[in-house]
Structures are given as structure tokens and as C-alpha cells.
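Spelled out, the chains give:
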Amino acid sequence: ADSLTRKQGGKAESGAGYRLDPSKSPKWIDMTGVTDGKERSVPGLYKLDGDTLTLCFRADYKKLGTINETQKRPQKLDGGEGREQVLMILTREKP
């Protein structure tokens, strides 16, 4: 698959596309979609470990447009207060 859908309360809220490059270390993800009515491309990193997906991307992604040389991809999977990037950890629910 090359797209995902964000749901809240079982209702689809938004969709996004993505491109993966697992040959990089850490692995790269480029997420694409529409935010605030504007097409966005967000360079990031990812790690998939069993049912846990970790994503890391710049905190200021809404200010950015398409991917270019001036947009820096995070160098490592980390985040937290005082950082300029977001670390998101998602766990798949068991049916």
C-alpha cells in the first residue's frame, strides 16, 4: 500500500500518501497530503518493529511546501520538548 487514512471514532478524517526508502539508515519516509488546503510533502524517518510504527518528522511541516534541498530530514529517530521534530509511536490494535 502507498496510502493511509487517519480515523477518529471510526470515521475517516484525512488521507495521505507516502513513499518509503528502506535502503537508508535510518529508513526514510516521504509523506504527502493536503493540510490547511495546501499540498504538502513531509520528509521523515520511520522504523517498523512488529506491530509498532515509529515516525519522526519536522515539527514545522505545516510551514513547508514540497520537498527540496532546504527541507532537512531528521537525522535520527528522536523528539520531545525543545526539539524541532516530532516523534510519533503508533501501535496496531489487535482485533
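Draft legend 1. Here's a closer look at the nonpolar core. Within the largest apolar cluster, seven residues are counted, these being Tyr18, Ile29, Met31, Val42, Tyr46, Leu55 and Phe57. Taken together, the elements giving at least two residues each to this core come down to strand E3 (27-35), strand E4 (38-49) and strand E5 (52-58). Once residues lying within four places of it in the same chain are set aside, the contact partners of Met31 are Gly17, Tyr18, Arg40, Ser41, Val42 and Phe57.

Draft legend 2. Here's a closer look at the pattern of salt bridges. In the structure shown here, the tally under the stated rule is five salt bridges. Asp51 is the partner of Lys94 in a salt bridge, and the nearest nitrogen-oxygen pair spans 2.3 Å. Taken as a pair, Lys94 in the segment after strand E6 (85-91) and Asp51 in the loop between E4 and E5 lie far apart in primary sequence, 43 residues in all. Judged by relative accessible area, Lys94 falls into the exposed class, the value being 64%. Of the charged contacts in the structure, one is a salt bridge between Arg83 and Asp78, with a shortest N-O distance of 2.5 Å. Since its relative accessible area comes to 44%, Arg83 is described here as partly exposed. One salt-bridge network, held together by shared partners, links Asp51, Arg92 and Lys94.

Parameters at a glance
Residues numbered from 1 in each chain as written. Predicted model: local features only at pLDDT ≥ 70, side-chain atom pairs only at ≥ 80, totals over all residues. Heavy atoms only, no water. Core = buried A, V, L, I, M, F, W, Y, C linked by side-chain atoms within 4.5 Å. Buried < 20%, exposed > 50% of the residue type's maximum accessible area, 1.4 Å probe, protein only. Helix = DSSP H or I, 4+ residues; strand = E, 2+ residues; numbered from the N terminus. Contact = heavy atoms within 4.5 Å. Salt bridge = Lys/Arg side-chain N within 4 Å of Asp/Glu carboxyl O.

Remember that the coordinates give geometry; whether it matters functionally is a separate question.
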